[in-house]
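Geometric and topological summary
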Amino acid sequence: MGYSFPEEVLEHVLSFIDSDSDRNSVSLVCKSWHDIERWCRRRLFVGNCYAVSPAIAIRRFPELRSVSLKGKPHFADFNLVPHEWGGYAYPWIAAFAKAYPWLEELRLKRMVVSDEALELIAKKFKNFRVLVMYSCEGFSTDGLATIAANCRNLKELDLSESEVDDVSGNWLSQFPDSYTSLESLNITSLSSEIRFSALERLVGRCPNLKTLKLSHSVPLDLLPNLLQKAPQLVELGSGLHTKEVHPDLYSKLAGAFSGCKGLKRLCGLQDVVPSYLPTLYPICVGLTSLNLSDAPIQCPELIKLVSQCQNLQRLWVLDYIEDTGLNALAESCKDLRELRVFPSDPFGQEPNVSLTEQGLVSVSAGCPKLHSVLYFCRRMSNVALSTIARNRPNLTHFRLCIIERFRPDYITLEPLDVGFGAIVEHCKDLKRLSLSGLLTDRVFEYIGSHGKKLEMLSLAFAGDSDLGLHHVLSGCKSLRKLEIRDCPFGDKALLANAAKLETMRSLWMSACQVSYRACKLLGQKMPRLNVEVIAEQGHPDSSPDEYPVEKLYIYRTVSGPRSDMPSFVWTMDKNSALSSS
Amino acid sequence: MEKPVVYDNGLNLEATELRLGLPGTNEHEKQSSTSVRSKKRASPEMAEETRSKSSSCISDADDDAPPPKAQVVGWPPVRSYRKNSFQQRKGEAEGAGMYVKVSMDGAPYLRKIDLKVYKSYPELLNALENMFKFRIGEYSEREGYNGSDYTPAYEDKDGDWMLVGDVPWEMFISSCKRLRIMKGSE
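All values reported here derive from a predicted model rather than from experimental measurement. (Residues numbered from 1 in each chain as written. Chains lettered and ligands numbered in written order. Predicted model: local features only at pLDDT ≥ 70, side-chain atom pairs only at ≥ 80, totals over all residues. Heavy atoms only, no water.)

Here we come to the overall build of chain A. Tallying secondary structure elements over chain A gives 21 helices and 23 strands in all. Here the C-alpha atoms of chain A give a radius of gyration of 26 Å, agreeing with the 25 Å that 2.2 N^0.38 yields for 581 residues. Dimensions along the principal axes, computed over C-alpha positions, put chain A at roughly 75 × 65 × 60 Å. Across the 581 residues of chain A, 60% fall into the buried class. (Helix = DSSP H or I, 4+ residues; strand = E, 2+ residues; numbered from the N terminus. Rg over C-alpha atoms; globule rule 2.2 N^0.38 Å. Buried < 20%, exposed > 50% of the residue type's maximum accessible area, 1.4 Å probe, protein only.)

With 196 residues, the main nonpolar core has Phe398 and Leu482 of chain A as its most contacted residues. By size, the runner-up hydrophobic cluster in this structure holds 24 residues, among which are Val100, Tyr145, Tyr154 and Cys176 of chain B. (Core = buried A, V, L, I, M, F, W, Y, C linked by side-chain atoms within 4.5 Å.)

For the bond running from tryptophan 75 of chain B to proline 76 of chain B, omega is -5°, close enough to zero to count as cis. By the element assignment, proline 76 of chain B lies in the segment before α1 (80-88). The residue phenylalanine 406 of chain A is not glycine, and still its phi comes out positive at about 65°. Looking at the element boundaries, phenylalanine 406 of chain A is found in the loop between β16 (397-402) and α16 (417-426). According to the relative accessible area criterion, phenylalanine 406 of chain A is buried, its value standing at 10%.

All names here are of chain A. Taken as a whole, this structure holds zero disulfides over all chains when the rule is applied. Looking at the unpaired cysteine 512, the closest cysteine sulfur is the one in cysteine 487, lying at 5.4 Å. Judged by its relative accessible area of 4%, cysteine 512 falls in the buried class. (Disulfide = S-S within 2.5 Å.)

Quick look at the sheet that holds strand β7 (residues 178-183) of chain B now. As a general point, the strands of a sheet are linked pairwise by backbone hydrogen bonds and lie either parallel or antiparallel. Residue and element names in this part refer to chain B. Pairing is mixed in the open sheet, where five strands are placed in the order β2-β1-β7-β5-β6. Only two strands of the sheet have a single partner each, and these edge strands are β2 (111-114) and β6 (161-163). When the angles between neighbouring strand axes are averaged without regard to direction, this sheet yields 35°. Against the sheet, helix α2 (residues 121-132) engages β1 (99-104), β2, β5 (150-155) and β7, with an angle of about 155° to β2. (Pairing = 2+ DSSP bridges. Axes fitted to C-alpha atoms, helices over the stretch in contact; angles between N-to-C directions. Contact = heavy atoms within 4.5 Å.)

Moving on, we come to the packing of helix α17 (residues 441-450) of chain A against helix α18 (residues 466-475) of chain A. Residue and element names in this part refer to chain A. Packing of α17 against α18 brings their axes to within 8 Å, and their N-to-C directions diverge by 5°. As summarised for this structure, α17 and α18 are arranged roughly parallel, according to the angle between their axes. Of α18, the residues touching α17 (which contributes Asp441, Phe444, Glu445 and Gly448) are Leu467, Gly468, His471, Val472 and Gly475. Looking at side-chain class alone, the contact of α17 with α18 contains three nonpolar, four polar and two charged residues. (Parallel < 35°, antiparallel > 145°, perpendicular 65-115°, else oblique. Nonpolar A, V, L, I, M, F, W, Y, C, P; charged D, E, K, R; others polar.)

All names here are of chain A. Among the structural elements, leucine 182 can be located in the loop between β7 (164-165) and β8 (184-186). Overall, the relative accessible area of 2% leaves leucine 182 in the buried class. Counting along the chain gives 49 residues from leucine 182 to methionine 133, while the straight-line C-alpha distance between them is 16 Å. When neighbours within four sequence positions are excluded, leucine 182 is seen to be in contact with Leu154, Lys155, Leu202, Cys206, Asn208 and Leu209.

Moving on, we come to the pairing of β16 of chain A. All names here are of chain A. With five of six residues buried, β16 lies mostly within the body of the structure. Pairing of strand β15 (residues 372-377) with β16 involves six bridges; the strand directions are parallel. Considered in β16, the bridge of tyrosine 375 is made with leucine 400. In terms of handedness, the path from β15 via helix α15 (residues 382-391) over to β16 forms a crossover that is right-handed. For β16 and strand β17 (residues 432-434), the ladder comprises three bridges, and the chain directions are parallel. Bridge pairing in β17 links arginine 399 to serine 434. (Right-handed = clockwise from strand over helix to strand, strands pointing away.)

Okay, the side chain of serine 68 of chain A next. Topologically, serine 68 of chain A is positioned in strand β2 (residues 66-70). Setting aside residues up to four positions removed in sequence, serine 68 of chain A forms contacts with Leu44, Phe45, Val46 and Arg107 of chain A.

With that settled, consider the confidence of the model for chain B. Residue and element names in this part refer to chain B. Here chain B averages 65 in pLDDT, and 52% of its residues register 70 or above. Between residues 1-11, whose pLDDT stays under 50, and residues either more than four places distant or in other chains, the model counts nine contacts. For residues 24-65, every residue scores under 50 in pLDDT, and the model assigns this stretch 73 contacts once sequence neighbours within four places are set aside. Reported confidences for the modelled complex are a pTM of 0.78 and an ipTM of 0.87. (pLDDT = per-residue confidence, 0-100.)

Together, Phe5, Val9 and Val13 of chain A give the surface a local cluster of nonpolar side chains, amounting to about 240 Å² of exposed area. Residue position: valine 9 of chain A is located in helix α1 (residues 7-14). (Patch = residues over 30% accessible without salt bridge, like charges linked within 9 Å, V, L, I, M, F, W, Y side chains within 5 Å. Areas by Shrake-Rupley, 256 points an atom, 1.4 Å probe, with all protein chains shown as cover. Salt bridge = Lys/Arg side-chain N within 4 Å of Asp/Glu carboxyl O.)

Residues and elements named next belong to chain A. Applying the stated criterion across every chain, the model contains 25 aromatic pairs over all chains. Taken together, a centroid distance of 5.3 Å and an interplanar angle of 45° make the contact between tyrosine 553 and tyrosine 555 tilted. Each member of the aromatic cluster is reached from another via a ring pair, and the members are Tyr50, Phe75, Phe78, Trp85, Trp508, Tyr553 and Tyr555. Here the basic side chain of arginine 562 rests over the ring of tyrosine 50, its NZ or CZ set 4.5 Å away from the ring centre. Taking the ring centre of tryptophan 85 as reference, the NZ or CZ of arginine 562 above it sits at 4.4 Å. (Phe/Tyr/Trp six-rings, centres within 6.5 Å; stacked < 30°, edge-to-face > 60°. Lys NZ or Arg CZ within 6 Å of the ring centre and 35° of its normal.)

A separate point is the pattern of salt bridges. Across all of its chains, the model carries 29 salt bridges over all chains by this definition. Salt-bridge contacts for aspartate 77 of chain A lead to arginine 79 of chain B; the nearest nitrogen and oxygen are separated by 3.6 Å. In this pair, aspartate 77 of chain A is assigned in the loop between β2 and α5 (90-99) and arginine 79 of chain B in the segment before α1, connecting two distinct chains. The same class applies to aspartate 77 of chain A as to arginine 79 of chain B, namely buried. Glutamate 129 of chain B is the partner of arginine 135 of chain B in a salt bridge, and the nearest nitrogen-oxygen pair spans 2.7 Å. According to the relative accessible area criterion, arginine 135 of chain B is exposed, its value standing at 58%.

With that out of the way, let us pick up the packing of helix α12 (residues 299-306) of chain A against helix α13 (residues 322-332) of chain A. Residue and element names in this part refer to chain A. It is at 9 Å that the axes of α12 and α13 come closest, and there the two elements cross at 5°. Here α12 lies roughly parallel to α13, going by the angle between them. Contacts between α12 and α13 involve Cys299, Ile303 and Val306 from the first element and Glu322, Thr324, Gly325, Ala328, Leu329 and Ser332 from the second. Of the residues belonging to the contact of α12 with α13, the class tally is five nonpolar, three polar and one charged.

With that out of the way, let us pick up the environment of alanine 89 of chain A. Tracing the backbone through its elements, the reader meets alanine 89 of chain A in the loop between β2 and α5. In this structure alanine 89 of chain A touches Leu108, Met111, Val112 and Val113 of chain A, once residues within four positions along its chain are discounted.

Moving on: the pairing of strand β14 (residues 338-342) of chain A. All names here are of chain A. Counting buried residues in β14 gives five out of five residues, a clear majority hidden from the surface. Here β14 shows a buried face lined by Glu338, Arg340 and Phe342 and a second buried face lined by Leu339 and Val341. Judged from the five bridges that link them, strand β13 (residues 314-318) and β14 form a sheet pairing that is parallel. Residue pairing for β14: leucine 318 is matched across the bridge by phenylalanine 342. For the crossover from β13 across α13 to β14, the handedness is right-handed. Across four bridges, the pairing between β14 and β15 is parallel. Residue leucine 339 lies in a different strand from β15, and its bridge partner there is valine 373. Between the parallel elements β14 and β15, the chain passes through helix α14 (residues 357-366) in a crossover that is right-handed.

This is the structure in C-alpha cells:
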C-alpha cells in the first residue's frame, strides 16, 4: 500500500477551499493532510485573540497572508468592559513581523492598536494591502501617516467606528504622488478637518477606488468635485452639510450623483438638508444598501427616498421612519434582506416618534427575503412576535430592543416569553438572537428546546432563576457566544454546565449572581478555560466568597491565562480554589 | 447529569436571593395582574454601580418635569460611538442633554434650556432673547453688555456668578450650572 496522493495535487485542490470550517475538517483527515493543509493555508480567523497565542498560530500556519483578530467582548460596545481591559494588537503584529514578511491583510476588531503597531505594519510588510480596524482604539493620525507614507500597495484602509486620536488631518498628504492603488477608504470616524485638496488629488489618481466613506466634516460643496473624479464609485459615505443652500450647488450635486452609474451603497448623509435629497433620486434604483442611521431625515422625506429604492437589500435607518415609512418600505422594497432601526432618542422617557411593533410586522409580511433584523422600539406584544415568526421563518438574525426594561406585552401585560418562543420555534435557522422586555425562565425553556442552530445569544434584565441559564446551556447545541447582563443567574447552572463552556468561544456575565467561590471552583476544574473575574471595586478576596462577582468573562483557550491583565482582572487558575478566604 | 434540576417556583426564593441593591428594593417589577408601571414613577434600579450606592434616581426636590430615571450603564444598547456622534449634531434628538435652569428677574417662572443644542454664544443669546422676549446688548470684553437693561449671567461650578461670554464656549458649557438674566444695574 505505497500509493499516496501527490502533494501538489492535493494542494491544488485545497486552494479552492476557502471556508475555515472546511479547512479544519481537511486537516483532521490524517497526518499528511494536516501537514499539507497547514502549509497552504493563507487566511486565519481568530475570534478571540486570547484563545491562542501568536506563537502557536505561527507554528501551525507558517505561510499566512491574511489574519483577522477580535479582541474585546461585544459588550465593550456598550461601555460594560472597563477601559484597559486588554485586546492589544501589538504582540500579534510584532510576532507576524518576524514570521510573515509577506503578510498582506490584517483585520482587527475591538482591539487596542498603538501607533507603534501601525509603524511595524508600515515598515515590515512589503506587500501590505488591506488594513481594517473596526471599533479599535489606541492610535492616532500619526500612525496613519506612517501607513500612508510606506504602504505602496495598500488597497484598503478602513477605520470604521474606531476611536482615533486626531492630531492632524495632514496624514492624507503622506500618500506619495506615485501611489495609485487605493480601492477602499473609510475614514468616517475621523473628526478633524482633512486636507480636501489632498483628498481630491488622492481620489483623482486612484482609478480603482470603489469605496469612499468620509467623515461628516466634508462640506457639501466639495462633494461634486470628488464624485466627478470617481464616477466608478460603488460605495459612498459622506456628510451633506452646508451652511447655506446654493441653487447651483444643487444642480452640480445632482449631476455628479447621476454620473456615478455604478453606485450601489450609500451611507452618512449627516446634517443633510431635506431639500437636497432629490439629488439622490436618480441613483436610488441602483442602490442595494442604504445606511441612514446618522441622518436626521424625517418620515415624509424618508418615504420618498426609500420608495424609489426598489432594489434595496439592506436598510439601516433611524426610527424617524415610523410605522408609515416601514409600511412604504414593505411595499416598495421586495428584495430587502436586512433591516436595522435605531432609536433617535434612546434616553428620552416618552416616545418621540410613532414607531411601534406594527412597522416590523409590516416589513415581515411584505419582504419575503428579510432574514436579519435589529429593531429598537418602545412596545411589543406576543401576538406581533408570533406573527413575525410565522411570516418570516427564514430569519437568521433577530435582535429586538424594547427600550424600557422589563416591559411586558403591552396588550395583555404578560411576559414576552411566548412571542420569543414563537421566534425560535418557527425560525429554525436562527443564528443570532437578542432579547428584551419582560421575560421569565419560560422563554429560556423555549430557546433551549428550539434554538438548535443558535450561535449567539444576548440577554439583559431577563429570567427568574438559574433554571433559565441551565435551559440555554444544556439545550443550545450550536451556542458559541453567550453574553448576559443583569440576570438572576448564579452558580448552579454555571457549574452544572461547565463542560459546555469548552465548546463555546466565550461567556460574559455582568451584574449577575455568580459567586466568587463558583468562579474559583470553575477555574480550578477547567484548565482549558480562562475564568476572568473583573472587579473594579477591589480584589474579590476582600469580600466573602459567597458575594457575587461584578463581571465575569470565561473563554476557552489553548494558551493558558493571559499575561497582560490590568490590575482589576484576575484569572481563576487551578490554585485559586485552594486558597482560603 | 441526566435530568435538569427541578426548581419549585412556589417558594419565595426572593427572600434568600443575593442581589445587588439595597434591601427592600425590588429590581423586578413584574406583576401579573397590576397595571403597567407608570412612566412617571422613578424606578428602583439594579444599578451597575456599587451595591452601596443608593438609588439616585428618586428625587422629589425638582419641581419641573418628572424626575428622569437614572441611566443604567450600557442601556439601551446603543453604541457609544453612535450616541456621541449623534448628540453632537443639532438634530431632533435630545440625547442626554445638558439642561440648565434659566431665570429672568421679574419673570413668574423659570425655564430650562439644553446647552448642547447651541454651538456658540450668539446662538445661545438669540435663543434666550426669543424665549423671554427681550434684547441683550452688545458684548465687549471691557464693558460687558452695553445697550440694554439686561445682562446674562451664569453660576459656575464654584458657585460664583459670572458674566456670560468671557470664557471660550467649550469652557462655558462645561462649567455652567444655571443661567440668570439680570435686569437693571447691579
